[in-house]
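Summary of the model geometry
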Amino acid sequence: MDIEELRRDTPGCVGRTHLNNAGAALMSRQTLKAVTSHLELEARIGGYEAAAAASETVEHTYDALARLVGADRDEIAFVENATRAWDMAYYGLPFQEGDRILTARAEYASNAIAFLQTARKHGVSVEIVPDDESGQLSVDALRGMIDERVRLIAVTHVPTQGGLVNPAVDIGRVAREFGITYLLDACQSVGQMPIDVAEIGCDLLTATGRKYLRGPRGTGFLYCARSMLERLEPPFLDLHAATWTGPDSYEVRADARRFENWETYYAGKIGLGVAVSAAVELGLDAIEQRVTELAESLRRRLRALPGVLVHDQGQRRCGIVTFTVAGHDPHHIADQLRAQRINVSVSIADYARWDLEPRGLDAVVRASVHYYNTHDELDQMCIALPSATAHD
Ligand SMILES: Cc1ncc(COP(=O)(O)O)c(C=O)c1O
């Protein structure tokens, strides 16, 4: 990986240290150009006409996404974000009273709220699989919780609030052994590590464009395994997802685009295709190696600072680094760093009630690295940190 060249192709690397890649990573010049060129084309010749002119490029995005996760192109739906992708899958599942949903401590807040809504409306029980001693989902505990009433295993691969990587492949083995639907929220993992849906054994996988994939905002996708397609009716249908075949009849599309709707962000879809192709070309193994090396190095530097506690759990960790500084408000630290042109974010317990709250954490600073970050930037952040906390 030629980091200098990759940085030259990333306008956001100039004059700012961007360590909020788990929020939204920096687009490359090429992705930016693809998006703006299409918007310019729309402005010049008309939106529908631009879509027709770019139809091949738009279609390429499905191939790129399919290649990225080891799927077929007809198993991919392009939607506006990861939450909508997840919702389109989840709310299509037919739950009945007494069904059980098994999930993880580190589950994303929106998913947890959706489970609780289903519990309220349909009387399902939502059960959190305990963590093992490392803080990742315990696969043994999961296995011990399975019975014939378990309808869904839904797990977040990498949580928004920590560097943990849940053991998605081992969870998939359990799901397959017992024939249980497996929905993986891969929003934070796609783009920073290799993802292979066949190896993971998930039926459904969701992700966003703007995070580790470096795509434009307002983009996301759903993978739905072919074996699941006929069994999963989308909660919403429109004239793109289905055909109105007669006055009283309609037919749902056979492919995963049944989860899409007609109007869509064409420029974003094209930009996402460019970003995904770039990630595949760089190689997800190489990306993961660089990202985890930077993140581990940042954790080491932080641990060496007085009063700093690093909170990342799990046996395998990724590019998200979370920490607190004794006696200092994480929001204040983030504000102070931003004033020095260093972007980090804060994860709060309100968004991670099953995870941060039991660990006695109200909030943590989140510094998330990408491959284009440098060791110099990590040094800058650590040097800036004592002054960020000094006036608190
Ligand atoms: C683990 C996880 N899942 C889902 C989402 C939601 O993604 P989006 O904002 O694209 O809907 C996020 C966003 O932070 C996330 O971290």
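It should be emphasised that the depicted structure is a prediction, and the values quoted were computed from it without experimental measurement. (Residues numbered from 1 in each chain as written. Predicted model: local features only at pLDDT ≥ 70, side-chain atom pairs only at ≥ 80, totals over all residues. Heavy atoms only, no water.)

What follows deals with the sheet that holds strand 15 (residues 363-368). Reading across the sheet, the four strands line up as 11-12-15-14 and stay open at both edges, with antiparallel pairing between neighbours. The outermost strands of the open sheet, each flanked by one partner alone, are strand 11 (308-310) and strand 14 (345-348). Across this sheet, the average inter-strand angle for adjacent strands is 40°, counted without regard to direction. Looking at chain direction, strand 12 (residues 320-325) and strand 15 are connected through four bridges and run antiparallel. Looking at the pairing, Phe323 lines up with Val365 of strand 15. The sheet strands contacting helix 12 (residues 284-303) are strand 11, strand 12 and strand 15, and the helix crosses strand 12 at an angle near 10°. Strand contacts of helix 13 (residues 330-339): strand 12, strand 14 and strand 15, with the helix running at about 35° to strand 15, the strand carrying the most contacts. (Pairing = 2+ DSSP bridges. Helix = DSSP H or I, 4+ residues; strand = E, 2+ residues; numbered from the N terminus. Axes fitted to C-alpha atoms, helices over the stretch in contact; angles between N-to-C directions. Contact = heavy atoms within 4.5 Å.)

All right, on to the site of the ligand then. The local shell around the ligand holds 13 residues, among which Thr83, Asp185, Gln188, Thr208 and Arg210 are the closest. Note that an oxygen atom of the ligand is positioned 2.5 Å from one of the side-chain N or O atoms of Thr83. Surface burial for the ligand is 91%, taken as the share of its 400 Å² of free accessible area covered by protein chains. For the shell around the ligand, a count of residues per class yields four nonpolar, six polar and three charged. (Near = heavy atom within 4 Å. Polar contact = N/O pair within 3.5 Å; in protein donor to acceptor, adjacent residues only side chain to side chain. Areas by Shrake-Rupley, 256 points an atom, 1.4 Å probe, with all protein chains shown as cover. Nonpolar A, V, L, I, M, F, W, Y, C, P; charged D, E, K, R; others polar.)

Okay, the side chain of Arg257 next. For Arg257, the location among the structural elements is in the loop between strand 10 (249-252) and helix 11 (266-282). If near-sequence neighbours (up to four positions away) are discounted, Arg257 is found in contact with Glu59, Tyr62, Arg73, Ile76, Ala77, His240 and Ala241.

Negative phi characterises most residues that are not glycine, and trans characterises most peptide bonds. Positive phi, normally seen in glycine, also occurs at Arg214, with a value near 65°. By relative accessible area, which is 7% here, Arg214 ends up buried. Unlike most non-glycine residues, Arg341 shows phi in positive territory, near 60°. Overall, Arg341 belongs to the partly exposed group, its relative accessible area being 47%. (Buried < 20%, exposed > 50% of the residue type's maximum accessible area, 1.4 Å probe, protein only.)

It is worth spelling out the environment of Gly135 at this point. Within the secondary structure layout, Gly135 lies in the loop between strand 4 (125-129) and helix 7 (139-145). Distance in space between the C-alpha atoms of Gly135 and Asp355 is 9.6 Å, their sequence separation being 220 residues.

Core analysis: the biggest nonpolar cluster contains 108 residues, and Tyr90, Ile153, Leu205, Phe221, Leu302, Phe323 and Met381 have the highest contact counts within it. If you tally residues by element for this core, the top one is helix 12, at seven residues. The residues touching Leu205, leaving out its near neighbours within four places in the chain, are Val69, Leu184, Ala186, Val190, Ile195, Val197, Phe221, Leu222 and Tyr223. (Core = buried A, V, L, I, M, F, W, Y, C linked by side-chain atoms within 4.5 Å.)

Right, let's get into the sheet that holds strand 5 (residues 150-156). With mixed pairing, seven strands are arranged side by side in an open sheet as 2-8-7-6-5-3-4. Whereas interior strands pair on both sides, the edge strands pair on one side only; in this sheet they are strand 2 (76-79) and strand 4. The average undirected angle you get between the axes of adjacent strands in this sheet is 20°. The pairing of strand 5 with strand 6 (residues 181-185) spans five bridges and is classified as parallel.

Note that all results are geometric; they support no functional claim without further evidence.
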